[in-house]
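Structural overview
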Amino acid sequence: MAASQDLYDTPGDRLDAFVRHSLQPHGDWKDEVKDAWQRIEQFLRDQCFHDELILDQEVRVLKMVKGGSTGKGTTLNYSSDLDLVLFLSCFSSFQDQAQLRGVIISFIEQKLIHCSRSLAYNISVAQHRKRTGTPRSLSLQVQSRKKSRDIRVDLLPAFDALGPFCPDSKPVPKIYEDLIISSGCPGEFSPSFTELQRHFVKSCPPKLKSLLQLIKHWYLQHLKCKYRRVALPSKYALELLTIYAWEMGTNKSENFDMDEGLVAVMELLRDYKDICIYWTKYYDFQNDVVKNLIKQQLKECRPIILDPADPTNNLGRQKRWDVVAQEAVYCLRQACCTTVDPLEGWHVQRAKDILVTVKQTGEEAWILSVNPYSPIWKMKAEIKRKFGFIGQQRLSFQEPGGERQLLSSRLTLADYGIFSKVNIRVIETIPPEIQVFVKDSSGQSKPYAIDPNDSIRDLKGKIEEAGGPCVENQILKFHGRKLWNHRSLADLQIKDCDTIMLIKKSQDYGDYARTSNLYWEPVVWLPMM
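Below, the structure is looked at part by part. (Residues numbered from 1 in each chain as written. Predicted model: local features only at pLDDT ≥ 70, side-chain atom pairs only at ≥ 80, totals over all residues. Heavy atoms only, no water.)

1. So, the overall build of the chain
Basically, it comes down to this: The secondary structure listing takes helices from DSSP runs of H or I that are at least 4 residues long and strands from runs of E that are at least 2 residues long, numbered from the N terminus. For every residue, the accessible area (1.4 Å probe, protein chains only) is compared with the maximum for its type, and the residue is labelled buried under 20%, exposed over 50%, or partly exposed between those bounds. Any two residues whose heavy atoms approach within 4.5 Å are treated as being in contact. Note on areas: Shrake-Rupley with a 1.4 Å probe; residue coverage comes only from the protein chains shown. Charge assignment in this entry is limited to Lys and Arg as positive and Asp and Glu as negative, and neither His nor the chain termini are counted. By convention, the charge on Lys lies at NZ, on Arg at CZ, on Asp at CG and on Glu at CD.
For the chain, the helix and strand inventory stands at 14 helices and 20 strands. For the chain, buried positions account for 53% of its 529 residues. Of the contacts made within the chain by residues no fewer than 6 positions apart, 68% connect residues no fewer than 24 positions apart. When the accessible surface of the chain is split by element, carbon and sulfur atoms take 47% of a total near 25400 Å². Of the side chains in the chain, 72 bear a positive and 66 a negative charge, and the two mean positions are spaced by 2 Å.

Here it is, written out as structure tokens:
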């Protein structure tokens, strides 16, 4: 049963009352859902695996966690998403979960069919499968006692990766390393992190939960009903988008106008191509394995909405956000949104500011906060004020394993796929100076400003001054050819932003030469211009 009054006909200043009277669950409905949960929980604990062997082993229920809207506290009065995550002793790793999950689901299905009378409900059962055909969950349609409407329960067997749950502490990074190394499909093992997902939403203030219910109602009544056969993003994706809008738009205030929140979320959905959202509440950039995965995820096509509990799960991937945006634009023209003054509404960036560490040889590193969609020339203006440059300012950055890149003033950090903290090197060039990159055996490169008419010996001196090897211990190569000290960069056809290899003499050079098949390379003179 849907809400009696349509959302689109409700004036913005009446949305609080709309949520309170039409969307928030009544006591009898909450009792129905609670009773269904208790009966199924008791069956799984006491009956399902009792005196049974599955693949020659006993199976114990370690714990059961209530997920979905019921677990998060965002249930609607006419709809309930009840996820029951079942942590079992037979799963000792993510690989076990992937291999044994199908067997466990089929076993539970047969038990439910056999013992359905003991639940005193009419139950229909269906398996939800991956594209490979392996079932991932068991969906139950449980008839409530009053037979008014069915309660859907999704049963998800999972590996207990977190162990005893402590909501105020981060999981140890090893858990996420194991998750990443398991090489499952993106988000395949998200049920193992249900407690984190639930706590992330459940800990929101009451007014924000009301906004979440309003967005969920819009999703079900005005989006899903219209696009039944379309691959829409999940309700969880819209929950995270709403939480982000609230954090950025109100600075986490517990008091706000509901219509301003609705407008802010609809505007984000309208501009979905710019969205890049992630949190560091449960995982961050400190661990190299996790950091590399996050950075890889942040380079994907937007929208990017990373699950705060599972870094493998980008909830923006491969969904029809275009139809969501189309409906959001329509919503913004309705009575529920037109009461908001554009000058007083929430101003929500499409991505969080990035901490940029600016490094200049011989100077202390400087950190500034940059909007990833702001033109780089604005960042250059701040850097100029800090360092007092009078010449041309050149900014560059390097991804691990990649080449150093020059940042164009006309572009943004987002254009380079930079959405997390980054180190940027700055140099000042005064004509006729050019910038060259010098790359060492570790793959790291640094920029240097130098006159094209200066010699290779002059460049080596700059490298030494910047903390590199002394001049006598340097070997420089360009396009595989050794560069001699007396030659100038112009003679050797070295141009702006070219990369020169730096090899340290002695043992380092021997190792480099052998691995690069250059040990017996003859010296070749480059032609004069």
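Right, picking up where we left off after that structure.
2. Examining the sheet that holds strand β9 (residues 304–307)
What counts, and what does not: The pairing criterion for strands is at least two bridges between them, as found by DSSP.
Strand order in the open sheet formed by 3 strands is β8-β9-β10, with mixed pairing between adjacent strands. For this open sheet the edge positions go to β8 (276–277) and β10 (310–314), each flanked by a neighbour on one side alone.

3. Side note on the layout of surface pockets
For the record, the criterion: A cavity here means a set of 1 Å grid points, computed over protein atoms only, where a 1.4 Å probe fits but cannot escape. A pocket is an open set with protein on both sides within 12 Å along at least 5 of 7 lines, and lining residues have an atom within 4 Å of a point. Grid points are joined across faces, edges and corners, and a volume is the space filled by probe spheres set on the points. Throughout this entry, Asp, Glu, Lys and Arg are counted as charged residues, while Ala, Val, Leu, Ile, Met, Phe, Trp, Tyr, Cys and Pro are counted as nonpolar. The remaining residues, Gly among them, count as polar.
Roughly 730 Å³ of internal volume is contained in the second largest pocket. Forming the boundary of the second largest pocket are 39 residues, of which Q398, R404, N423, Q444 and S445 lie nearest the centre. Breaking the lining of the second largest pocket down by element, the ones donating at least two residues are α10 (288–297), β11 (354–359), β15 (422–429), β16 (434–439), β17 (445–450) and β20 (499–504). Here the lining of the second largest pocket takes 4 residues from β15, the largest share from any one element. Taken together, the residues that form the lining of the second largest pocket break down as 16 nonpolar, 10 polar and 13 charged.

4. Details of the packing of helix α5 (residues 173–181) against α10
Filter applied, for reference: An axis is simply a line fitted to the C-alpha atoms; with a helix, the fit covers only the stretch in contact. Between two such axes, the angle follows the N-to-C directions and lies from 0 to 180 degrees. Here roughly perpendicular refers to angles of 65 to 115 degrees, roughly parallel to angles under 35, roughly antiparallel to angles over 145, and oblique to all remaining angles. Each crossing gets its hand from how the near helix is turned against the far one by less than a right angle, where anticlockwise is left-handed and clockwise is right-handed.
It is at 9 Å that the axes of α5 and α10 come closest, and there the two elements cross at 55°. Between α5 and α10, the angle falls in the class oblique. Seen from above, α5 lies across α10 with left-handed handedness. Side by side, α5 and α10 meet where Y176, E177 and I180 of the first sit next to V289, V290 and L293 of the second. Of the residues belonging to the contact of α5 with α10, the class tally is 5 nonpolar, no polar and 1 charged.

5. Overview of the sheet that holds strand β18 (residues 474–478)
Across the sheet, which stays open at both edges, the 5 strands sit in the order β17-β16-β20-β18-β19 with mixed pairing between neighbours. Whereas interior strands pair on both sides, the edge strands pair on one side only; in this sheet they are β17 and β19 (481–482).

6. Some points on the pairing of β17
Among the 6 residues that make up β17, 5 are buried, leaving the element largely enclosed by the rest of the structure. With antiparallel pairing between neighbouring strands as the criterion, β16 and β17 make up a hairpin whose turn holds 5 residues, including G443 at a positive phi of roughly 95°.

7. Side note on the packing of helix α7 (residues 206–224) against helix α11 (residues 321–332)
Contact geometry for α7 and α11: axes closest at 11 Å, N-to-C directions at 105°. By the angle between their directions, the pair α7 and α11 is classed as roughly perpendicular. Note on element contacts: α11 touches α7 through V323, V324, E327, A328 and C331, opposite W218, H222 and L223.

8. Structural notes on helix α2 (residues 27–48)
Side chains of residues three or four places apart in an α-helix project in the same direction, reflecting 3.6 residues per turn. To be explicit about the condition: Each helix should span, by expectation, one fewer than its residue count multiplied by 1.5 Å.
Helix length check: α2 (22 residues) gives 30 Å between terminal C-alpha atoms against 32 Å at 1.5 Å per residue, within 8%. Among the residues making up α2, those that are buried are W29, E32, V33, D35, A36, W37, I40, E41, F43, L44 and C48.

9. Points about the environment of E188
For the record, the criterion: We call two N or O atoms a polar contact when they sit within 3.5 Å, provided that within protein one can donate a hydrogen and the other can accept it, with sequence-adjacent residues counted only if both atoms are side-chain atoms.
Mapping E188 onto the fold places it in the loop between α5 and α6 (194–202). In terms of polar contacts, E188 uses its side chain to reach the side chain of R101, at 2.9 Å. A polar atom in the side chain of E188 sits 2.9 Å from the backbone nitrogen of C185.

10. Some details on empty space enclosed by the protein
Applying the stated criterion across every chain, the model contains 2 cavities of 30 Å³ or more. Estimated volume of the largest cavity: approximately 50 Å³. Considering the residues around the largest cavity, the lining is formed by L212, I215, K216, K235, L238, E239 and T242. Of all elements in the fold, only α7 and α8 (235–250) reach the threshold of two or more residues within the lining of the largest cavity. Residue contributions to the lining of the largest cavity peak at 4 residues, all from α8.

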